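A structural walkthrough
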Amino acid sequence: MKRTKAQKKGTEMYTNEDLIKDCLELFRETEGNKVDIPGIGETVLYEEPIFGFASAKDDIFETFRRKEVIGANYMGPYEWLPEAKSVMALFLPFSEAVRKSNKVDKTDPSKEWLYARIEGQEFIGKYMAAIRQFLADKGIKSCVP
């Protein structure tokens, strides 16, 4: 596996697989993914995240600047973090309970979805802060746009 300089610390190599494992542990430890919804009970908002990685130099980031994709207001990795070497993206899928609940009424969002939207965003903020701090503790610069 190819590793970037940002992933090297002394002679120890920190791989993408190691990072995923650590981020999944942080996901499980971060409070706020389970909420008590009145009339429904304890509900998990998100399933475990899905991760992807790319080089900060990948041409895909320039493709995003095309007006038919995102446009001129798109900011690439180097604009967020000039010394960027790699990009980690993650997706947090709603839990099955949230997805199922939101299929019942075709006009209004479910109570579970509303909690996932508001309290879930608070959880995401805590989780992203935990990842950023974890990386900082390892001497790895990062940003969460």
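Residues numbered from 1 in each chain as written. Predicted model: local features only at pLDDT ≥ 70, side-chain atom pairs only at ≥ 80, totals over all residues. Heavy atoms only, no water.

Soluble globular proteins: nonpolar side chains tend toward being buried together. In terms of nonpolar packing, the biggest core is built from 21 residues, with Tyr-46, Tyr-127 and Ile-131 touching the most fellow members. Mapped onto this core, the elements with two or more residues apiece are helix H1 (16-29), strand S3 (34-37) and helix H5 (111-137). When sequence neighbours within four positions are dropped, the list of residues in contact with Tyr-127 reads Cys-23, Leu-24, Leu-26, Phe-27, Thr-30, Pro-49, Phe-51, Leu-90 and Leu-92. (Core = buried A, V, L, I, M, F, W, Y, C linked by side-chain atoms within 4.5 Å. Buried < 20%, exposed > 50% of the residue type's maximum accessible area, 1.4 Å probe, protein only. Helix = DSSP H or I, 4+ residues; strand = E, 2+ residues; numbered from the N terminus. Contact = heavy atoms within 4.5 Å.)

This part takes up the layout of surface pockets. Roughly 880 Å³ of volume is contained in the largest pocket. Looking at the largest pocket, it is lined by 33 residues, and the ones nearest its centre are Ser-86, Val-87, Met-88, Cys-143 and Pro-145. Of all the secondary structure elements, the ones that give two or more residues to the lining of the largest pocket are H1, helix H3 (77-80), strand S6 (86-91) and H5. (1 Å grid on protein atoms, 1.4 Å probe; cavity = no way out; pocket = protein on both sides within 12 Å on 5 of 7 lines; lining within 4 Å. Points joined across faces, edges and corners; volume = space filled by probe spheres on them.)

Moving on, we come to H1. Its 14 residues give H1 an end-to-end C-alpha distance of 20 Å, which sits within 8% of 20 Å, the value for a rise of 1.5 Å per residue. Every buried residue belonging to H1 is among Asn-16, Leu-19, Asp-22, Cys-23, Leu-24, Leu-26 and Phe-27, and all of these are buried. (Expected span 1.5 Å × (residues − 1).)

As a further point, take the environment of Asp-36. Structurally, Asp-36 is set in strand S3. Overall, the relative accessible area of 60% leaves Asp-36 in the exposed class. Residues Asp-36 and Glu-112, 76 residues apart in the sequence, show an inter-C-alpha distance of 10.0 Å.

Right, let's get into the state of the cysteines. Within this structure, the stated rule accounts for 0 disulfides. Of all cysteine sulfurs in the structure, the one in Cys-143 sits closest to Cys-23, which takes part in no disulfide; the separation is 14 Å. (Disulfide = S-S within 2.5 Å.)

Here we take up the pattern of salt bridges. In this structure the tally under the stated criterion is 7 salt bridges. Notably, a salt bridge pairs Arg-65 with Glu-62, separated by 3.1 Å at the nearest N-O pair. Arg-65 sits in the partly exposed class, given a relative accessible area of 27%. In this structure, the salt-bridge partner of Glu-79 is Arg-65, at a minimum N-O distance of 2.6 Å. Taken as a pair, Glu-79 in helix H3 and Arg-65 in the loop between helix H2 (60-63) and H3 lie far apart in primary sequence, 14 residues in all. (Salt bridge = Lys/Arg side-chain N within 4 Å of Asp/Glu carboxyl O.)

Another point: the confidence of the model for the protein chain. For the protein chain, the average pLDDT comes to 91, and 92% of its residues sit at 70 or higher. Mean pLDDT across the elements of the protein chain bottoms out in strand S1 (residues 8-9) (46) and peaks in strand S4 (residues 41-44) (98). Under a pLDDT of 50 for its full length, residues 1-11 has, in the predicted model, 19 contacts with residues more than four places off or in other chains. (pLDDT = per-residue confidence, 0-100.)

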